[in-house]
Amino acid sequence: LGRDLSANGAKLIDDLKALDADISSKIGSLKSCELVTDHDALEYFAARYGCTIVGSVVPGLSSAGESTASDVQSLKNAVAKTGVRAIFVEPGSSGAIARAVADELGINAVELTVERLPERGGYVGLMRNLADTIVRRWADHTPLHRMERIYGRDGLDLARQTICDWHIELSRLV
């Protein structure tokens, strides 16, 4: 190429180390990280950041696969036992079974882009979005006594009473 790319390589390594530290911190702030997906897509992420894959609606890497009634019942049992709060569904996949399982269990089916880079942000943006979506999904159902830590993770120093007051006011508005 005739160009020295070592500076670009060093910057990329620094960016990836910072990304890894950021994701580790975010996921590490959760009491637990148990995931259910519409198909097997997060094993590497889970292994790297200490999450547990409770199950997949469609076993295997392809979202075009099929689940048996036994597979779906086993997944329902695992979700009920572990307290998983959402099933993560890849945008564009049919997700009908995942949404039906989520509805039946009273949890949400949440879109989570796993296999497609965003228009902006590339790999770093994809990974940040992945971690942020997982953390937010867990935070959506977090008791107020833990919200202080979650806001702190995002750089907001809020007293528990302030958070409680906000929730009370929001409930009045709704």
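As shown above, the structure is provided for reference.
Computed from a prediction, not measured in an experiment: that's the story for all the values here. (Residues numbered from 1 in each chain as written. Predicted model: local features only at pLDDT ≥ 70, side-chain atom pairs only at ≥ 80, totals over all residues. Heavy atoms only, no water.)

### Examining the overall build of the protein chain
(1) Moving on: Counting its regular elements, the protein chain contains 7 helices and 4 strands.
(2) Moving on: Element order for the protein chain, N to C, with α for helix and β for strand: α-β-α-β-α-β-α-β-α-α-α.
(3) Moving on: Counting the 174 residues in the protein chain, one finds 34% classified as buried.
(4) Moving on: Relative to all contacts within the protein chain whose residues are 6 or more apart in sequence, the contacts with residues 24 or more apart total 48%.
(5) Moving on: Accessible area for the protein chain stands at about 10,600 Å²; split by element, carbon and sulfur atoms hold 53% of it. (Helix = DSSP H or I, 4+ residues; strand = E, 2+ residues; numbered from the N terminus. Buried < 20%, exposed > 50% of the residue type's maximum accessible area, 1.4 Å probe, protein only. Contact = heavy atoms within 4.5 Å. Areas by Shrake-Rupley, 256 points an atom, 1.4 Å probe, with all protein chains shown as cover.)

### Comments concerning the pattern of salt bridges
(1) Moving on: Across all of its chains, the model carries 7 salt bridges by this definition.
(2) Moving on: Here K26 ties to D132 by a salt bridge, and the two come within 2.6 Å at their closest N and O atoms. Note that K26 is positioned in helix α1 (residues 6–28) and D132 in helix α5 (residues 122–139), a separation of 106 residues in sequence.
(3) Moving on: We classify D132 as partly exposed; its relative accessible area is 24%.
(4) Moving on: Here R99 ties to E111 by a salt bridge, and the two come within 3.9 Å at their closest N and O atoms. On the criterion of sequence distance, the pair formed by R99 in helix α4 (residues 96–105) and E111 in strand β4 (residues 108–111) is long-range, its members being 12 residues apart.
(5) Moving on: Its relative accessible area of 31% is what places R99 among the partly exposed residues.
(6) Moving on: Here E111 falls in the partly exposed class, since its relative accessible area comes to 48%.
(7) Moving on: Overlapping salt bridges bring together D22, K26, R128 and D132 as one network. (Salt bridge = Lys/Arg side-chain N within 4 Å of Asp/Glu carboxyl O.)

### A closer look at a nonpolar patch on the surface
(1) Moving on: Judged by side-chain polarity, L12, L16, L117 and Y123 come together as a nonpolar surface patch covering roughly 390 Å² of accessible area.
(2) Moving on: Structurally, the position occupied by L16 is in helix α1. (Patch = residues over 30% accessible without salt bridge, like charges linked within 9 Å, V, L, I, M, F, W, Y side chains within 5 Å.)

### Quick word on the nonpolar core
(1) Moving on: Counting residues in hydrophobic clusters, the biggest one holds 22 residues, and the most contacted among them are I23, I27, F45, L130 and I134.
(2) Moving on: At the level of elements, α1, α2 (43–49), β3 (86–89) and α5 are the ones that each hand at least two residues to this core.
(3) Moving on: If we skip the residues at most four places from it in the chain, F45 touches I23, I27, C51, M127, L130, A131 and I134.
(4) Moving on: Core analysis: the next-biggest nonpolar cluster, separate from the first, contains 13 residues, V57, V72, V79 and V84 among them. (Core = buried A, V, L, I, M, F, W, Y, C linked by side-chain atoms within 4.5 Å.)

### Concerning the sheet that holds β3
(1) Moving on: The sheet built from 4 strands is open, its strands ordered β2-β1-β3-β4 with parallel pairing. The sheet terminates laterally at β2 (52–58) and β4, the two strands that pair on one side only. Mean inter-strand twist for the sheet, computed between neighbouring axes without regard to direction, equals 30°.
(2) Moving on: Bridge count between strand β1 (residues 34–39) and β3: 2 bridges; the pairing is parallel. The residue bridging V36 from the neighbouring strand is I87, located in β3.
(3) Moving on: On the sheet, helix α3 (residues 69–82) packs against β1 and β2 and is oriented at approximately 150° with respect to β2.
(4) Moving on: The sheet contacts of α4 involve β1, β2, β3 and β4, and relative to β3 the element is tilted by about 165°. (Pairing = 2+ DSSP bridges. Axes fitted to C-alpha atoms, helices over the stretch in contact; angles between N-to-C directions.)

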